Amino acid sequence: MTFEFQDILGLETMSAAEIGFILDQAGEFLPILSRPIKKAPALRGRWVCLLFYEASTRTRVSFEMAAKILSADAANVAAATSSVTKGESLRDTLLTLQAMGADLIVMRHGSSGAPQYAAQVLDIPVINAGDGAHEHPTQGLLDLFTLRREKGHIAGLTVAIVGDILHSRVARSNLWGLTKLGATVRLVGPATLLPPPFEMDGVERFTRLEPALDGADVVYTLRIQKERQDSGLLPSFREYSRLYGINLARLKLCAPDVTVMHPGPMNRGLEIAAEVADSDYSVITDQVTNGVAVRMALTYLLLGGTSAAPKESADIGALQAATR
Ligand code: NCD
C-alpha cells in the first residue's frame, strides 16, 4: 500500500499504516549512510528551506544532510540572523521563501501550531521540525524507527517516558506514535511536570520512578527543558536528579534487555548519568544516525512526486544504480 503526504505536521493525525510506510522508506535509505559516497540523485534540482526560530543541532543538520544526500539543495534561515529581527511577520517570511522557489519548508518554531499555519499559507509542503510543546513528528518517527530496528517490533513494548513531559513535544509525538503502533506508554515525572490526567488507552501516569521502571522494555529519558521552566515547577535540579535521574542502579528495575533513549541534547548528570548514556543499553547515537534516514524518507516522499514503493520507483532505481 502507498500513501501521499501533503505535509508532515504531527503524529496525532497519522495512521499506523502511514507511519509504517514512512519507516519502511527510511529503511531503504539507511544503507546509503554507511557507503563511502553518500550521494543519490533522487531530488536533483529541488531545494529545501530550513526555517528555524529556535536552537537546533541534530534536527537542522540532519535535515540538511538528508536533502544534500538526495542531491537537493538546502538553504538555512535562522530567525536570529534574518529579517525576522526587523519585524517581518511569519506569513511574509514564508511567502518570501516560497516566492524564491523553495520546494519544501522545514520549520521549527516556539509557538505550537506555527507549522500548521505555514501549511495553510503556503502551496508547498511543510515539515514540522518542532513546534512549542506540541509535536516533533520527525523525532517521533526516528524514535519508532530506532525501536523497531532494536526490538524487532513495537506492539507489546512497555515504554517509560521519564521527565519533563509537560514541556516536551518529543514526549507528545512519541505518545501518539507508540500507542498507535501498540506499545504501552508510562509517563513519569514530578506532578508539576506531568500533563493533567487524561484518559487514553495504553497510557499510564506515575509520579514515582520505581513503579514506572518496573519491567520496562524501554526508558525514554527527556531533557529537562531549562528554557521552558516557569519558576516553581521544580524545587531544584539536584532534587530532580536524585528522584528521577536515570542511573545504572535504577536500570536494574527494568527488563534485562532494556533500551535507553534520549532525543538530545543531554544534560549529563541531570536526567541521565553518563554511565547510562555511554552504556550498551543506550541507542542514543543510533537515534541520531537513524534521524538522517527518516528525514531522507520524509523529504523524498514530499518532493519525489511519487509514493510508489521505493524499489519500483524509477528515481530509486537510478539512486541505487548511482550509489552502488
Ligand atoms: C528536542 C527538541 O528540540 O524538541 N531536541 C531534538 O530535536 N532532538 C528535545 C529537546 O530539546 O529537549
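Every chain is numbered on its own, with residues counted from 1 as its sequence reads. Totals for whole chains, interfaces and linings use every residue, but because this is a predicted model, local features are given only for residues with pLDDT of at least 70 and side-chain atom pairs only at 80 or more, for both listing and counting. Processing note: side-chain calculations cover all non-hydrogen atoms of the structure and skip hydrogens and water entirely.

**A few points about the sheet that holds strand 6 (residues 184–188)**
Moving on, step 1. Pairing between strands is defined by DSSP: at least two bridges between them are needed. Numbering of helices and strands starts at the N terminus; helices are DSSP runs of H or I of at least 4 residues and strands are runs of E of at least 2. Reading across the sheet, the 5 strands line up as 7-6-5-8-9 and stay open at both edges, with parallel pairing between neighbours. Both outer strands of the open sheet, strand 7 (203–206) and strand 9 (259–261), are each paired with one neighbouring strand and no more. Direction aside, neighbouring strands of the sheet carry axes that sit 20 degrees apart on average.
Moving on, step 2. By the bridge criterion, 3 bridges tie strand 8 (residues 218–221) to strand 9 in an arrangement that is parallel. Its bridge partner being in strand 9, Tyr220 is matched across the sheet by Met261.
Moving on, step 3. Packed onto the sheet, helix 5 (residues 137–151) meets strand 8 and strand 9 and runs at close to 165 degrees relative to strand 9. Axis geometry follows a simple rule: fit a line to the C-alpha atoms, using only the stretch in contact for helices, then measure angles between N-to-C directions, giving values from 0 to 180 degrees. Any two residues having at least one pair of non-hydrogen atoms within 4.5 Å are treated as being in contact.

**A closer look at the sheet that holds strand 3 (residues 104–109)**
Moving on, step 1. Spatially, 4 strands are ordered 2-1-3-4 in an open sheet, and the strand pairing comes out parallel. Every interior strand has two partners, whereas the edge strands, strand 2 (73–78) and strand 4 (126–131), have only one. Averaged over all pairs of adjacent strands, the angle between their axes in this sheet comes to 15 degrees, without regard to strand direction.
Moving on, step 2. As paired strands, strand 3 and strand 4 are joined by 4 bridges and run parallel to one another. Across the sheet, the residue bridging to His109 is Asp131, located in strand 4.

**Comments concerning the site of the ligand**
Moving on, step 1. By nearness alone, every residue bordering the ligand is listed as Arg58, Thr59, Arg108, His136, Gln139, Arg169, Val170, Arg223, Gln225, Pro263, Gly264 and Pro265.
Moving on, step 2. With respect to the ligand, the side chain of Gln139 contributes an N or O atom lying 3.2 Å from a nitrogen atom.
Moving on, step 3. Contact with the protein chains covers 93% of the free accessible surface of the ligand, which is 320 Å².
Moving on, step 4. Secondary-structure elements contributing two or more residues to the shell around the ligand are helix 2 (58–69) and helix 6 (169–180).
Moving on, step 5. The nonpolar class holds Ala, Val, Leu, Ile, Met, Phe, Trp, Tyr, Cys and Pro. Asp, Glu, Lys and Arg form the charged class, and all remaining residues, Gly among them, are polar. Partitioned by chemical class, the residues of the shell around the ligand number 3 nonpolar, 5 polar and 4 charged. When at least one non-hydrogen atom of a residue lies within 4 Å of a molecule or strand, that residue is treated as near it. In protein, a polar contact requires one atom able to donate a hydrogen and another able to accept it; more generally it is a pair of N or O atoms within 3.5 Å, and residues adjacent in sequence count only if both atoms are side-chain atoms. Accessible surface area values rest on a Shrake-Rupley calculation with a 1.4 Å probe, where residue burial reflects the displayed protein chains alone.

**Considering the confidence of the model for the chain**
In low-pLDDT regions, the fine details of the predicted coordinates are not to be read closely.
Moving on, step 1. Think of pLDDT as the predictor's per-residue confidence, scored from 0 to 100. For the chain, the average pLDDT comes to 92, and 93% of its residues sit at 70 or higher.
Moving on, step 2. Taken as a whole, residues 305–315 scores under 50 in pLDDT and shows 18 contacts with residues more than four places along the chain or in a different chain.

**Some words on the side chain of Thr59**
Moving on, step 1. Structurally, Thr59 is set in helix 2.
Moving on, step 2. Among residues more than four places away in sequence, those in contact with Thr59 are Phe52, Arg108, Ala129, His136, Thr138 and Arg295.

**Description of helix 5**
Moving on, step 1. An ideal rise of 1.5 Å per residue puts 21 Å on 15 residues; helix 5 measures up with 21 Å between its terminal C-alpha atoms.
Moving on, step 2. Of all 15 residues that make up helix 5, 12 are buried, and the element is covered over most of its length.
Moving on, step 3. Looking only at helix 5, the buried set comprises Pro137, Thr138, Gln139, Gly140, Leu141, Leu142, Asp143, Leu144, Phe145, Thr146, Leu147 and Lys151.
Moving on, step 4. Phi turns positive one or two residues past the end of helix 5, at Gly152, with a value near 85 degrees. Here a helix's expected span is defined as the number of its residues, less one, multiplied by 1.5 Å. Between buried and exposed lies partly exposed: a residue is buried under 20% and exposed over 50% of the maximum accessible area for its type, with that area taken using a 1.4 Å probe on protein chains only.

**Re unusual backbone geometry**
Moving on, step 1. Looking along the chain, the bond that leaves Gly264 and enters Pro265 is cis, with omega of -5 degrees.
Moving on, step 2. Within the element layout of this structure, Pro265 appears in the loop between strand 9 and helix 10 (274–277).

**Side note on the packing of helix 1 (residues 16–29) against helix 11 (residues 284–303)**
Moving on, step 1. The geometry of helix 1 relative to helix 11 is characterised by a closest axis approach of 8 Å and an angle of 110 degrees between their N-to-C directions. In terms of orientation, helix 1 lies roughly perpendicular with respect to helix 11. When the axes of helix 1 and helix 11 are compared, the crossing they make is right-handed. Facing helix 1, whose interface residues are Phe21, Ile22, Gln25, Ala26 and Phe29, helix 11 presents Ala293, Val294, Met296, Ala297, Leu298, Tyr300 and Leu301.
Moving on, step 2. Broken down by class, the residue content of the contact of helix 1 with helix 11 amounts to 11 nonpolar, 1 polar and no charged. Each angle receives one of four descriptions, namely roughly parallel if under 35 degrees, roughly antiparallel if over 145, roughly perpendicular if within 65 to 115, and oblique otherwise. Less than a right angle of anticlockwise turn of the near helix away from the far helix marks a crossing as left-handed, whereas a clockwise turn marks it as right-handed.

**Quick notes on the pattern of salt bridges**
Moving on, step 1. Here a salt bridge means any side-chain nitrogen of Lys or Arg lying within 4 Å of a carboxyl oxygen belonging to Asp or Glu. Throughout the structure, instances matching the rule amount to 9 salt bridges.
Moving on, step 2. With a shortest N-O distance of 4.0 Å, Asp257 and Lys151 are connected by a salt bridge. Residue Asp257 is located in the loop between helix 9 (248–251) and strand 9, and its partner Lys151 is located in helix 5; the two are separated by 106 residues in the primary sequence.
Moving on, step 3. In this structure Lys151 comes out as buried when scored by relative accessible area, which is 17%.
Moving on, step 4. Linking Arg242 and Glu239 is a salt bridge whose minimum nitrogen-to-oxygen distance equals 3.5 Å. Of the two residues, Arg242 and Glu239 both sit in helix 8 (residues 237–244), 3 residues apart, roughly one turn of that helix.
Moving on, step 5. On the accessibility criterion, Arg242 (54% relative accessible area) is exposed.

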